[in-house]
Amino acid sequence: MDDLRFLVVYGLLAGVLFASIRKALHDPKLDSIPTVGSSGFLSSYRDALRFFHHAPELIQRGYDQYPDGIFRIARLFRWEYVVAGPRLIKDIAGAPEHVISFTEGVAESIQTKYTMGRDIAENHYHQQAIRTSLTRNLHACFPDVRDEIICAFDDVLQLQGSEWKSVTVVPSMMAIVARVSNRLFVGLPLCRNKAYLANNVEYTVDVIRSAGRIGLFPPFLRPLIGPFISGHMKSFRTAIKFVGPILEERLKKEEELGPDWPDKPNDLISWLLEIAEGEQRTVNALALRILSTNMAAIHTSSLTFTQALFDLTTHPEYFLPMREEAERVVKEEGWTKAALNNMVKIDSFFRESQRVNNFGPLGMSRKVVAKEGFRFSDGTVLPRGAYLSVAARATHYDDSKYENATTFDGFRFSRERTEHMEHHDPGNNQDIFKHHMISTAVDHLPFGTGKHACPGRFFAATELKAMMAHLVINYDVEAEVKGVRPPDRVFGTRISPNEAGKVRIRKRQ
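This is a predicted model, so every value here is computed, not measured.

K.L.:
Explain the sheet that holds strand 4 (residues 165–168) to me, using residue names and the numbers behind them.
P.N.:
Read across the open sheet, the three strands follow the order 4-12-9; overall the sheet is antiparallel. With one partner strand each, in any of the chains shown, strand 4 and strand 9 (475–479) form the two edges of the open sheet. On average, each strand axis in the sheet is tilted by 35° relative to the strand beside it, whichever way the strands run. By the bridge criterion, four bridges tie strand 4 to strand 12 (residues 502–507) in an arrangement that is antiparallel. Considered in strand 12, the bridge of threonine 168 is made with lysine 502. Of the strands in this sheet, strand 9 and strand 12 touch helix 20 (residues 457–474), which is tilted by about 95° from strand 9.

Have a look at this one:
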């Protein structure tokens with residue numbers, strides 16, 4: 001702990017030095033972009049420190065002043081250029097990677113080189129497997145997803161008789177999501193191995209925690225500090241012990257029998273092997289991809305479900321309508337991927353929960369990488385090296401985009417879906433899915449929008465809706481304290497559900 005305090009103090013002192021360099025390299029052409037807070041030498045650094053605990057308020061202030069423009073906010077070692085308004089968000093969504101880089105934006109947010117490894121930071125081929133093979137196989141794999149949800153809820157919650165039990169939601173949902181996801185990633189029996197699952201959850205938590213700590217240091221110190229803060233190599237060595245033998249067997253069979261050998265499992269390992277080339281076709285390289293895919297799946301889905309569960313227990317009036325819908329659909333169609341598409345109230349509830357409960361005040365982080373910079377449609381030019389993002393939370397809370405935007409309305413989107421279908425032109429299917437959970441738009445940004453919209457959102461939506469349908473059919477839930485929602489944790493650009501937050505749950509009576 002003393003060493004960590006020393007590193008933090010040292011990082012802050014180095015930050016003052018870096019602020020001096022920032023001042024020396026000041027670009028007067030950017031003075032036309034308004035600043036929220038101060039643009040002075042030391043005062044802007046003071047505002048950068050305030051950003052850690054007041055980021056949502058600062059960005060909301062900027063959005064209120066410039067709802068269709070660009071403003072900047074001081075960060076510890078740079079300026080953050082925040083974009084608002086549909087036209088400018090479309091500019092970002094449609095820009096090519098070689099002009100403004102999604103990869104570089106994510107690398108700054110989660111410090112990928114140090115928290116996940118250079119190979120993950122520089123080669124993203126596994127995203128193709130998620131975007132294509134995983135999505136394409138959701139129907140075929142759904143019985144496995146359903147089976148694992150049943151077993152995971154039973155094993156993790158461990159409910160007895162008719163008694164209520166207080167459950168700490170975040171760790172419980174991480175355990176369940178890890179199991180369900182790994183049923184498709186590595187299959188039985190490994191997806192139920194407690195030590196294997198614990199390693200994936202610990203890695204997920206470590207990536208987010210380490211990224212925040214490494215980000216406290218100026219860029220020139222991160223290569224030195226990062227390896228000491230991140231625990232990703234420890235997690236990787238543990239992962240190898242579990243998935244290594246499976247990967248060796250798969251590689252051997254493919255070498256002996258070809259890529260389409262009989263009874264080949266339909267899982268992430270097979271999907272990765274279909275597209276991996278050269279050095280990526282090794283045990284270590286494949287294990288690293290599985291580990292990093294776990295991080296993305298566990299982090300986003302478990303926190304999304306947690307927020308939705310807190311919303312459900314805070315607004316219990318939605319529970320019975322969702323139960324009735326799920327029971328009716330299952331009775332008519334059974335437990336299938338297609339049946340989930342007709343659970344429109346559950347779908348709407350998640351979409352609204354995502355709208356209200358952002359993972360942070362900003363989204364769609366990018367870095368300008370083109371030599372000539374990036375020109376927005378309003379004429380604003382950001383130079384190479386500038387970091388930009390979208391005022392996602394403020395967009396979601398804009399009354400001009402959503403009626404009573406600050407009020408949680410769980411069936412907001414199911415009503416809009418019904419109204420849309422009543423007036424839908426059968427010859428125009430372009431926007432038939434615009435109110436669905438998986439749909440992205442410039443005013444609904446949980447999954448981003450445009451070229452780099454989340455490739456795993458189809459799997460996430462399937463998994464989350466199946467979990468919620470299972471919950472409302474088989475359990476009763478209520479708030480730990482009636483009418484009280486556990487407060488979110490806010491630090492810098494991250495907003496996360498309360499890790500100690502609890503709900504009460506019992507088997508359905």
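K.L.:
Could you give an account of the packing of aromatic side chains, with specific residues and numbers?
P.N.:
Summed over all chains, the structure comprises twelve aromatic pairs. Between the aromatic rings of tyrosine 318 and phenylalanine 411, the centroid separation amounts to 4.8 Å while the plane-to-plane angle is 85°, which identifies the pairing as edge-to-face. Of this pair, tyrosine 318 sits in the loop between helix 14 (283–314) and helix 15 (319–333) while phenylalanine 411 sits in the loop between helix 18 (392–396) and helix 19 (412–422), placing them 93 residues apart in sequence. Phenylalanine 411 matches tyrosine 318 in its accessibility class, with the two residues each being buried. Here lysine 345 stacks its cationic end above the ring of phenylalanine 411, 5.6 Å away from the centre of that ring.

K.L.:
Now, about the pairing of strand 8 (residues 387–390): what can you tell me, with residues and values included?
P.N.:
Here strand 8 shows no split at all, with Tyr387 and Ser389 on one side and Leu388 and Val390 on the other all buried. Pairing analysis gives four bridges linking strand 2 (residues 79–83) to strand 8, with the strands arranged parallel. Within the sheet, the bridge partner assigned to glutamate 80 lies in strand 8 and is tyrosine 387. Both strand 5 (residues 363–368) and strand 8 contribute to a ladder of three bridges, which runs antiparallel. Each residue of the ladder has a partner; that of lysine 367, found in strand 8, is tyrosine 387.

About the cut-offs
Residues numbered from 1 in each chain as written. Predicted model: local features only at pLDDT ≥ 70, side-chain atom pairs only at ≥ 80, totals over all residues. Heavy atoms only, no water. Pairing = 2+ DSSP bridges. Helix = DSSP H or I, 4+ residues; strand = E, 2+ residues; numbered from the N terminus. Axes fitted to C-alpha atoms, helices over the stretch in contact; angles between N-to-C directions. Contact = heavy atoms within 4.5 Å. Phe/Tyr/Trp six-rings, centres within 6.5 Å; stacked < 30°, edge-to-face > 60°. Buried < 20%, exposed > 50% of the residue type's maximum accessible area, 1.4 Å probe, protein only. Lys NZ or Arg CZ within 6 Å of the ring centre and 35° of its normal.

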